[in-house]
Amino acid sequence: MVRVNPTPKKKRNPIITVVAVVSFVIGIGWLIASSFSDEKLTLRGSGELSQSSAAIGEGNSIIGITQLSAPSMLKSKRPFLIYGTAWKKEQTASLVSKAVEHGFRFIDTACQPKHYNEAGVGEGWTSAATKLGLKRSDFFLQTKFTSIDGQDRNNIPYDQHATLEEQVKQSLTVSLHNLQTDYIDSLVMHSPMRSHEETLRVWRVMESFVKEGTVKQLGVANFYDTTKFLDLYEDAHIKPKVLQNRFYRDSDFDKQLRSLCDSYGILYQSFWTLTANIDAIRNPDWVGMAMSKNLTPQTLMYAYMMAQGHTPLDGTKNVQHMDEDIEVMLRFQNGEQVLSKDEIDKLSFLLGAEND
């Protein structure tokens with residue numbers, strides 16, 4: 001075997017070496033410690049991240065922003081993001097419009113003036129749809145029935161003295177008006193009621209909306225008790241298609257519930273996905289993997305969720321971050337395996353979400 005002798009190494013100037021090391025440490029430290037604007041570290045890679053958008057129209061195998069529609073993404077059975085609209089107040093209409101223009105087609109809201117401007121969501125999606133030439137059927141609108149316990153007592157969107165059944169009906173009527181639509185793609189119970197009996201009463205009314213055709217599917221949110229979730233699932237005539245929960249350590253990252261969702265064909269939607277996991281996202285190992293994947297630490301978190309078949313809610317107010325988030329979604333929509341199983345396992349370890 002012929003062995004090639006390496007070129008003799010030159011001695012390094014120790015001062016240059018120290019400067020290089022210090023510069024590297026400062027650079028990583030800046031990435032980790034820099035203030036999170038909208039909980040984002042604005043890292044950009046080599047430019048490969050933009051290839052999916054740049055490839056619009058180059059071939060049928062490439063999906064770009066102008067080709068995105070909720071039905072096509074659902075049909076592909078590939079992961080997607082939902083634009084979350086909580087706590088946006090008077091900015092809601094403008095931000096929803098921008099989100100649609102930048103590629104979001106799934107939108108989440110609630111008939112809960114305390115935290116949502118549902119009418120602003122309606123104004124935002126319709127304005128963007130008109131501008132882009134999109135139809136109502138291109139979108140997936142998800143809203144929620146929120147019980148009196150979750151409402152601002154001075155601004156309840158239905159008659160608080162009406163029967164529980166009537167409150168659910170009035171809430172849907174308000175949502176249809178606010179969202180400027182004659183049907184809802186997904187109606188979610190915002191949280192369990194005070195008792196299983198009351199939960200079922202609400203659910204039966206929601207089921208009637210599906211039978212009438214006004215609502216396409218049902219879901220639940222903030223169900224962290226596995227027993228309560230299973231009780232509703234077993235008693236429901238029309239089974240929930242969505243479970244939307246906060247994704248965080250205090251609930252052990254819903255490991256058991258997410259497993260049940262996989263078994264029952266229920267879509268797990270996560271919220272507070274970035275906010276609750278900032279420490280993990282700032283971890284140098286997390287940052288390093290993000291850079292190697294040409295992602296930001298935040299889009300790596302979204303990729304982590306989507307790679308497991310989950311759907312993160314994305315509530316960014318920053319249009320650059322909208323672009324970054326849609327671009328990683330497009331990578332999934334175009335069939336890329338963004339993360340391997342080993343990489344998912346490593347990220348789970350960094351989060352503290354590894355399986356027992």
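Look a little higher up for the structure.
Residues numbered from 1 in each chain as written. Predicted model: local features only at pLDDT ≥ 70, side-chain atom pairs only at ≥ 80, totals over all residues. Heavy atoms only, no water.

Novice: Would you mind going over the overall build of the chain with me for this structure?
Specialist: A count of helical and extended segments in the chain gives 14 helices and 8 strands. Residue burial in the chain is summarised as follows: out of 356 residues, 51% are buried. In the chain, 75% of the contacts between residues at least 6 apart in sequence involve partners at least 24 apart. For the chain, the accessible area works out to roughly 17,400 Å², and carbon and sulfur atoms hold 52% of it. (Helix = DSSP H or I, 4+ residues; strand = E, 2+ residues; numbered from the N terminus. Buried < 20%, exposed > 50% of the residue type's maximum accessible area, 1.4 Å probe, protein only. Contact = heavy atoms within 4.5 Å. Areas by Shrake-Rupley, 256 points an atom, 1.4 Å probe, with all protein chains shown as cover.)

Novice: I keep staring at helix H5 (residues 118-132) and nothing clicks. Help me out?
Specialist: Note that an α-helix has 3.6 residues per turn; residues three or four places apart therefore point the same way. Between the first and last C-alpha of H5 there are 21 Å, a value that for 15 residues agrees with the 21 Å anticipated at 1.5 Å per step. Those residues of H5 that fall on the buried side of the exposure criterion are Glu118, Gly120, Val121, Gly122, Gly124, Trp125, Thr126, Ala128 and Ala129. Just downstream of H5 lies glycine 133, where phi reads positive at about 75°. (Expected span 1.5 Å × (residues − 1).)

Novice: Would you mind showing me how to read the packing of H5 against helix H6 (residues 164-178) here?
Specialist: How two helices pack is summed up by the angle between their axes together with the distance between the axes. Interhelical geometry of H5 versus H6 gives an angle of 35° and a closest axis separation of 8 Å. Residues Glu118, Ala119 and Gly122 of H5 pack against Val174, Ser175 and Asn178 of H6. Looking at the contact of H5 with H6 residue by residue, the class counts come to 2 nonpolar, 3 polar and 1 charged. (Axes fitted to C-alpha atoms, helices over the stretch in contact; angles between N-to-C directions. Nonpolar A, V, L, I, M, F, W, Y, C, P; charged D, E, K, R; others polar.)

Novice: In this structure, what is going on with the environment of phenylalanine 145? I would like to understand it.
Specialist: Among the secondary structure elements, phenylalanine 145 is positioned in strand E3 (residues 140-145). Once the C-alpha coordinates of phenylalanine 145 and histidine 190 are considered, the two residues, 45 residues apart in sequence, prove to be 5.8 Å apart.

Novice: Before we go on, may I ask you to explain the sheet that holds strand E7 (residues 267-271) in this structure?
Specialist: Where strands meet in a sheet, backbone hydrogen bonds hold them as pairs that are either parallel or antiparallel. With respect to topology, 8 strands assemble into a closed barrel ordered E1-E2-E3-E4-E5-E6-E7-E8, the strand pairing being parallel. Ignoring which end each strand starts from, the neighbouring axes of this sheet average 25° apart. Pairing analysis gives 2 bridges linking strand E1 (residues 82-84) to strand E2 (residues 106-108), with the strands arranged parallel. For tyrosine 83, the partnering residue across the bridge sits in E2 and is isoleucine 107. (Pairing = 2+ DSSP bridges.)

Novice: Explain the environment of leucine 339 to me, please; I cannot follow it from the model alone.
Specialist: Summarising the element assignment, leucine 339 is placed in the loop between helix H13 (319-333) and helix H14 (341-351). Separated by 31 residues in the primary sequence, leucine 339 and glutamine 308 have C-alpha atoms spaced 9.5 Å apart.

Novice: Help me understand the pattern of salt bridges in this model?
Specialist: Where charged atoms from two side chains of opposite charge come close, those side chains can pair. Applying the stated rule across the entire model yields 12 salt bridges. The closest approach of N and O atoms between lysine 293 and glutamate 343, which form a salt bridge, is 2.9 Å. With lysine 293 in the loop between helix H11 (284-292) and helix H12 (297-307) and glutamate 343 in helix H14, this pair connects stretches of sequence that are 50 residues apart. A relative accessible area of 17% places lysine 293 in the buried class. For the salt bridge of lysine 341 with aspartate 345, the shortest nitrogen-to-oxygen distance reads 3.0 Å. On the criterion of helical spacing, the pair formed by lysine 341 and aspartate 345 is a turn pair, its members being 4 residues apart in helix H14. With relative accessibility at 60%, the residue lysine 341 sits in the exposed group. (Salt bridge = Lys/Arg side-chain N within 4 Å of Asp/Glu carboxyl O.)

Novice: Looking at this structure, I do not really get the nonpolar core. What am I missing?
Specialist: Note on soluble globular proteins: their nonpolar side chains tend to be buried together. Ranked by internal contacts, the top residues of the largest apolar core, which has 87 residues, are Leu243, Trp286, Tyr304, Leu339 and Leu351. Excluding residues that lie within four positions of it along the chain, tryptophan 286 makes contacts with Ala280, Ile281, Pro297, Leu300, Met301, Leu347, Leu350 and Leu351. (Core = buried A, V, L, I, M, F, W, Y, C linked by side-chain atoms within 4.5 Å.)

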